[in-house]
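# Report on the structure
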Number of protein chains: 2
Amino acid sequence: MSNETKILLPESEMPTQWYNILADMPFSVPPYLHPVTFEMMGPEDLAPVFPMELIKQEVSTERYIPIPEEVLDIYRLWRPSPLYRARRWEKALNTPAKIYYKWEGVSPPGSHKPNTAIAQAYYNKMEGQTRLATETGAGQWGSSLAFACGIFDLECKVYMVRISYDQKPYRRIMMETWGASVVPSPSMDTQAGRNALAKDPNSPGSLGMAISEALEDAVTHEGTKYSLGSVVNHVLLHQTVIGQEAMKQLKIAGDYPDILIGCVGGGSNFAGLFLPFVKDKLDGKAPDLRILCVESTACPSLTKGLYKYDWADVAKTGPVSKMHTVGHNFIPAPIHAGGLRYHGMSPIICALYDHDLVEASAYHQNEVFEAVVGFARSEGFIFAPETAHAVKAVMDEAIKCREAGEEKTIVFNASGHGHFDLAAYDAYLNGTLVDYDYPEEKIKAALKELPQVDG
Amino acid sequence: MSNETKILLPESEMPTQWYNILADMPFSVPPYLHPVTFEMMGPEDLAPVFPMELIKQEVSTERYIPIPEEVLDIYRLWRPSPLYRARRWEKALNTPAKIYYKWEGVSPPGSHKPNTAIAQAYYNKMEGQTRLATETGAGQWGSSLAFACGIFDLECKVYMVRISYDQKPYRRIMMETWGASVVPSPSMDTQAGRNALAKDPNSPGSLGMAISEALEDAVTHEGTKYSLGSVVNHVLLHQTVIGQEAMKQLKIAGDYPDILIGCVGGGSNFAGLFLPFVKDKLDGKAPDLRILCVESTACPSLTKGLYKYDWADVAKTGPVSKMHTVGHNFIPAPIHAGGLRYHGMSPIICALYDHDLVEASAYHQNEVFEAVVGFARSEGFIFAPETAHAVKAVMDEAIKCREAGEEKTIVFNASGHGHFDLAAYDAYLNGTLVDYDYPEEKIKAALKELPQVDG
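From a predicted model like this one, the values you see are computed outputs, not experimental measurements.

### Thoughts on the overall build of chain A
When helices and strands are counted, chain A shows 19 helices and 15 strands. Taking 23 Å as the expected radius of gyration for a compact globule of 455 residues, we find that chain A reaches 21 Å, a close match to that expectation. The principal-axis extent of the C-alpha atoms belonging to chain A is close to 60 × 50 × 45 Å. Residues counted as buried form 66% of the 455 residues belonging to chain A. Element-wise, carbon and sulfur atoms account for 51% of the exposed surface of chain A, whose accessible area totals about 15500 Å².

### A look at the nonpolar core
The biggest cluster of nonpolar side chains holds 120 residues, and the ones touching the most others in it are A:Phe274, B:Phe383 and B:Phe412. Leaving out residues up to four positions away in the same chain, B:Phe383 has contacts with B:Tyr101, B:Trp103, B:Val372, B:Phe375, B:Val391, B:Phe412, B:Ala414, B:Gly416, B:His417, B:Gly418 and B:Tyr425. Judged by nonpolar contacts, the second largest core, of 78 residues, contains A:Val391, B:Leu72, B:Ile118 and B:Trp178.

### What about the packing of helix H8 (residues 169-177) of chain A against helix H18 (residues 422-429) of chain B?
The relative placement of two packed helices comes down to the angle between their axes together with the axis-to-axis distance. Taken N-terminus to C-terminus, the directions of H8(A) and H18(B) make an angle of 50°; their axes are 9 Å apart at the nearest point. By the angle class used here, H8(A) and H18(B) are oblique. Judged by the twist between their axes, the crossing of H8(A) over H18(B) is left-handed. Residue-level contacts link A:Tyr170, A:Arg172, A:Ile173, A:Met174, A:Glu176 and A:Thr177 of H8(A) to B:Leu422, B:Ala423, B:Tyr425, B:Asp426 and B:Leu429 of H18(B). A breakdown of the residues in the contact of H8(A) with H18(B) according to their chemical character gives seven nonpolar, one polar and three charged.

### Focus: the pattern of salt bridges
Residues and elements named next belong to chain A. Per the counting criterion, the structure on display carries 50 salt bridges over all chains. A salt bridge links Glu 440 to Lys 304, with the nearest nitrogen and oxygen atoms 3.6 Å apart. In this pair, Glu 440 is assigned in helix H19 (residues 440-447) and Lys 304 in helix H14 (residues 301-304), connecting sequence segments 136 residues apart. For Glu 440, a relative accessible area of 43% gives the class partly exposed.

### Examining the relation of the copies chain B and chain A
You can overlay chain B on chain A at an RMSD of 0.0 Å; the transform is a turn of 180° with a shift of 0.0 Å along its axis. Here the copies are linked by what is in effect a two-fold axis. Comparing contact sets, 100% of the residues at the interface of chain B also lie at the interface in chain A, consistent with an isologous, same-surface contact.

### A short note on helix H10 (residues 207-220) of chain A
For H10(A), which comprises 14 residues, the first-to-last C-alpha distance of 20 Å matches the rise-based estimate of 20 Å (1.5 Å per residue) to within 8%. Buried residues in H10(A) make contact with strand S6 (131-136), strand S7 (155-161), strand S8 (181-185), helix H9 (191-199) and strand S9 (224-226) of chain A.

### Some thoughts on the confidence of the model for chain A
Mean pLDDT over chain A: 95, with 99% of residues reaching 70 or higher. Here the predicted complex scores 0.96 on pTM and 0.96 on ipTM.

### Let's talk about the sheet that holds strand S7 (residues 155-161) of chain B
All names here are of chain B. Here four strands make up an open sheet; going across it, the order is S8-S7-S6-S9 and the pairing parallel. Pairing within the sheet leaves two strands with one partner each, and these edge strands are strand S8 (181-185) and strand S9 (224-226). For this sheet the average axis-to-axis angle between neighbouring strands, irrespective of direction, equals 25°. When S7 meets S8, the two strands line up parallel, connected through five bridges. Bridging from a neighbouring strand, Lys 157 pairs with Ser 181 of S8. In this fold helix H8 (residues 169-177) packs onto strand S6 (131-136), S7 and S8, with an angle of close to 170° to the strand it touches most, S7. With respect to the sheet, helix H10 (residues 207-220) is in contact with S6, S7, S8 and S9, its orientation differing from that of S6 by roughly 170°.

Rules of the game
- Residues numbered from 1 in each chain as written.
- Chains lettered and ligands numbered in written order.
- Predicted model: local features only at pLDDT ≥ 70, side-chain atom pairs only at ≥ 80, totals over all residues.
- Heavy atoms only, no water.
- Helix = DSSP H or I, 4+ residues; strand = E, 2+ residues; numbered from the N terminus.
- Rg over C-alpha atoms; globule rule 2.2 N^0.38 Å.
- Buried < 20%, exposed > 50% of the residue type's maximum accessible area, 1.4 Å probe, protein only.
- Areas by Shrake-Rupley, 256 points an atom, 1.4 Å probe, with all protein chains shown as cover.
- Core = buried A, V, L, I, M, F, W, Y, C linked by side-chain atoms within 4.5 Å.
- Contact = heavy atoms within 4.5 Å.
- Axes fitted to C-alpha atoms, helices over the stretch in contact; angles between N-to-C directions.
- Parallel < 35°, antiparallel > 145°, perpendicular 65-115°, else oblique.
- Left-handed = near helix turned anticlockwise from the far one by under 90°.
- Nonpolar A, V, L, I, M, F, W, Y, C, P; charged D, E, K, R; others polar.
- Salt bridge = Lys/Arg side-chain N within 4 Å of Asp/Glu carboxyl O.
- Least-squares fit on C-alpha atoms with pLDDT ≥ 70 in both.
- Expected span 1.5 Å × (residues − 1).
- pLDDT = per-residue confidence, 0-100.
- Pairing = 2+ DSSP bridges.

Structure (C-alpha cells):
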C-alpha cells in the first residue's frame, strides 16, 4: 500500500445484500402520515405509486436484504466504485490527516443515483409495470432513472423543472439518448401542469410542481408507477452498497475512519456511505467516529430547521413525515448545488441527528468552490457542486488536524462529477458567484405553515 | 470469469515502460523535413519548440523507454484503465463475437490524451520550462494539457479555435478550472493572430491558425515550449500504456483479439492500443490479427488520401512529413467528431498501412450515431463522437460474425466520453444530423498543393 492511489475491489467482492439500518436503530423512525387525513399510512396508501416490493422494503426491519442477481449484473457496469486516497491534496493542504474519497462519479450517469434507480426499475419491471414517471431538477436523478429504464426496457417519462430544462439541455439530451421522454414542467401533460400554465404560461416551474405532475402521471396511466431518488428509506437502503464497499476497501488500506463526511440534500448519497458505519457505532465498535452532514447555508434543514412533521412537497400530495425541515413553502436561493435545495431531509438521518449520532454544518457557495477548485488542481477530478460542499468540510477538518498535529483518517463521499455544472465553476472563477446567508426570516415564516400534527 | 463485466488491474500491474515500435519495424519511417528548405530536420531544428528528452524519444530506436516515477504517480489517478466486456451489447446485437473495450474516459479530462500530456508536462518541467503553449479544437487536448500543467505547476496557454471557444464554453471552463489561460484563436496575442484579425475581425478560426499561434507563442516567450497532442512519434509512444494494459487484461480473461478497432484522427489513441500487438504480428505470434483504423468520410486521409510528403499545418510552419494526407489546405466539413478532422495522419500508422499491417474504413455521421446510441442503451456509457466511429465498425464486424457464425474476439479503444458533445446526440435524435460524402473533388484540388519533395 506504500504509494497506491486507489483501492479497487474485484467484482466478486461487491456486496450482495443491502444493509437496513431500521433493523438496528434503538429508536423508531416516526411513520408517514396521509397528506390530508394525517392518519398513519399503510401499504395500501402507497400501492398506487410504488411497487409492492419497495413498499415492503420501506418498512422492513430485516437487517440484510438480498440484492437481486439482475441488479448486481447492472451494478457491475461501474461497481465496485474505487476508493481513492487523496495523497496529492493532503500534501497541498500540508495536513497529517489521511483523506480518502469514495468516487461515485464513475457510473454512466455520473453519480450515486443509479444505485437505487436500477433497483427501482428492476422491481417495477418484475411486478409488470411498463412505464415509470418521475421529476428532476438539475437532472442527476432523471438521467439515472432514464439509464435504468433503458436497461430494463421500460418507458420513462421525466418532468424536468422548466428553468433547468431550458438552462441544462445536456442533461435532457442524456436522458433522451437513453430513450426517455422529457418535458418541461409545468407541462400540458397533466391537470396540475395545465392549471399552473393557465395561471402563468411562463412559469419557471419548481421541484414541488414537477413532483405533483409525476405523481398524477403515475396514478392516471396504465402500467405506470412513480419513482423517487432520495429521502425515503428504500432509497437509502439501496445506497448502502457504497458504505459496505468502502469498509472493505479501508480494511485493505489498513485504516478505519475517524470522521465520515458527505453532502446532504435529501440525504441518500451520504447515508449510503455512513449507515454501515452507524452499525459499528451502535455495536460499540466505533465510539469516537464522527459523522458530519454538510448542507448549504441557502437551505439549512438540519442546522436551522425544526424537527417536525411536514409535507414532502409544495402541492401537499406526498406523504407527511417527521423530519428536519425549513418548511415545504420555503423556496431556497438559486444555488448551483441543485441537489441541496430540498426543504426536508431523510427521516432516518433526522432521527439519527436527533439522537446525536450524526452532526451537521452548513457552507456558502464561494468558500465551497474555493475548496473544490483546489481539490481539482491537486487530484484532477472536477466534482459536482453538491460534492463540493463535502470537500470544503473535509478541508476544514484537515486543517484542524494540521493545527493540532493529529493524523486523523477522513473519508468522504464524492457523489458525482460536475461535467454539466461548469457554469458554476465559471461564475466562481470570474467572481460573480453569489453567497446566500441563512434566510432566517423566510424560514421562520415557512415554518409557520407546518401541519398541526406533531407527535 | 463467468459473468465479470470489467477486468481491472491493480496499480502494481501498470506498465513501467513505454513500448517503442521504431525498435521493431522492419522498414523505416521517412524523416521530417524542414517546412521551407525541405532539408532533413535535426534535433537542433526542433529544439526551439520541444524539450530535448521528447526530441530524443521522437527518433529513439530503444524498444522500451522507462516511464518516470513522477509520471507513473499521476497515471495512478486513473490508470490502469478498465477493460470491459460488452456482454449486454453482444446480446443486443445477437452476435457470437466477444466484444471488449478499453475505457479511457475515466481520466479526469475524460480521454486518453493525458497519457501523453502528463509526460510532456513532466519533461518540460524537468528541463526548466515554466510555461507551455498549445492549440485545441474541440478542447479534448487543451483540457488534458491544462490538467497536466496544473499538476506540475506550469503555466498553460491554450489557443482555442474561436468557433469552438464560442460553442463549447464548458471545455474552456474546464481548462480554466485547472488554471490554464484560454484565448479564442485568432487572438491579439500573436502576430499571426493579429494579421488574421486585421483581414477578418470575425474569423471563426481554424486548427491550422491555432497551431501557428501556439508555435509563435513558444518561440517568442521565455521559458515556454510548444506541446502537441497527436500524430508525432513520441505521442504515440506515450499512448502505448493502453495496449500494454489491454494485453495483460485480455490474458486474465483468457482471450486474444482477432480484430482490433479504433478511430483515427491524428492516430494516437488507436496506435496506443494496437502498437504492442503489432509487435506480436511482426514476431509471427499473431499472423491473422486484423487491425482496423476507422475514419470519417468527411476527412478520409487513409482511405482516400495520398501517401506523400505534406505540411503539418495550413501556415506551413510545422515540419513536413510523409503521411497519408488529403492536403493541408483541405477544410473538412463540420462533423461533430472534431478529433477526426486532421488532414494528415501519424507517419508511423501511414508506414504500417503502406505495408498492409493495418486496414482502414470510413463512415458517415448518422450510421455512426445510430450505432453508438444502441451501445449507450445496452452498456450505459455515452461515448465521444470520435469513439462512436469505432463503435460502428465493431458493430459491423459483430454482425458479420453473426452471419458467419464465428466467435471472434473484437477489442476496441473507447477513447473518451461524450459529456461535452451531447449537441451531436441531440442532432442525431431529432433528425438534423447531416452526412457528408467523400469530397473527392475538393480533396483532388487540395492534393495539387503538396510540396514537390516526394521521396
